[in-house]
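Below, each chain spelled out in residue letters.
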Amino acid sequence: MSEDTGGRPCPRCEQPMYRRHCKYVCPRHGVVYDCSDTFY
Ligand SMILES: [Zn+2]
């Protein structure tokens, strides 16, 4: 796996999120952002 935390914390719990394809995934909350969000 080439997951990388990307240095972006979850806005809810501040755990480092994984970036997977075009999604940011929190280990607690699941997908927090995806590429349809302006965030990306
Ligand atoms: Zn979270």
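Scroll up to find the structure this text is about.
Residues numbered from 1 in each chain as written. Predicted model: local features only at pLDDT ≥ 70, side-chain atom pairs only at ≥ 80, totals over all residues. Heavy atoms only, no water.

**Let's talk about the nonpolar core**
Under the convention used in this document: For our purposes a nonpolar core is just a set of buried Ala, Val, Leu, Ile, Met, Phe, Trp, Tyr and Cys residues, chained together by side-chain atoms within 4.5 Å. Each residue's exposure class comes from its accessible area (1.4 Å probe, protein chains only) as a fraction of the maximum for that residue type: buried when under 20%, exposed when over 50%, partly exposed otherwise. Any two residues whose heavy atoms approach within 4.5 Å are treated as being in contact.
One finds Cys10, Cys13, Met17, Tyr24, Cys26 and Val32 forming the largest nonpolar core, which totals six residues. Not counting chain neighbours up to four residues away, the residues in contact with Cys26 comprise Cys10, Cys13, Gln15, Met17 and Val32.

**Considerations on the sheet that holds strand β3 (residues 30–33)**
Definition in use: Pairing between strands requires that DSSP locate at least two bridges from one strand to the other. Put simply, DSSP H or I for four residues or longer makes a helix, DSSP E for two residues or longer makes a strand, and each gets a number counted from the N terminus. Between N-to-C directions, angles span 0 to 180 degrees; the directions come from axes that are lines fitted to C-alpha atoms, helices contributing only their stretch in contact.
Strand order across the open sheet formed by three strands is β1-β2-β3, with antiparallel pairing between neighbours. The open sheet has two edge strands with one neighbour each: β1 (18–20) and β3. The mean inter-strand angle of the sheet, taken between neighbouring strand axes irrespective of direction, is 45°. As paired strands, strand β2 (residues 23–26) and β3 are joined by three bridges and run antiparallel to one another. The residue of β3 that forms the bridge with Tyr24 is Tyr33.

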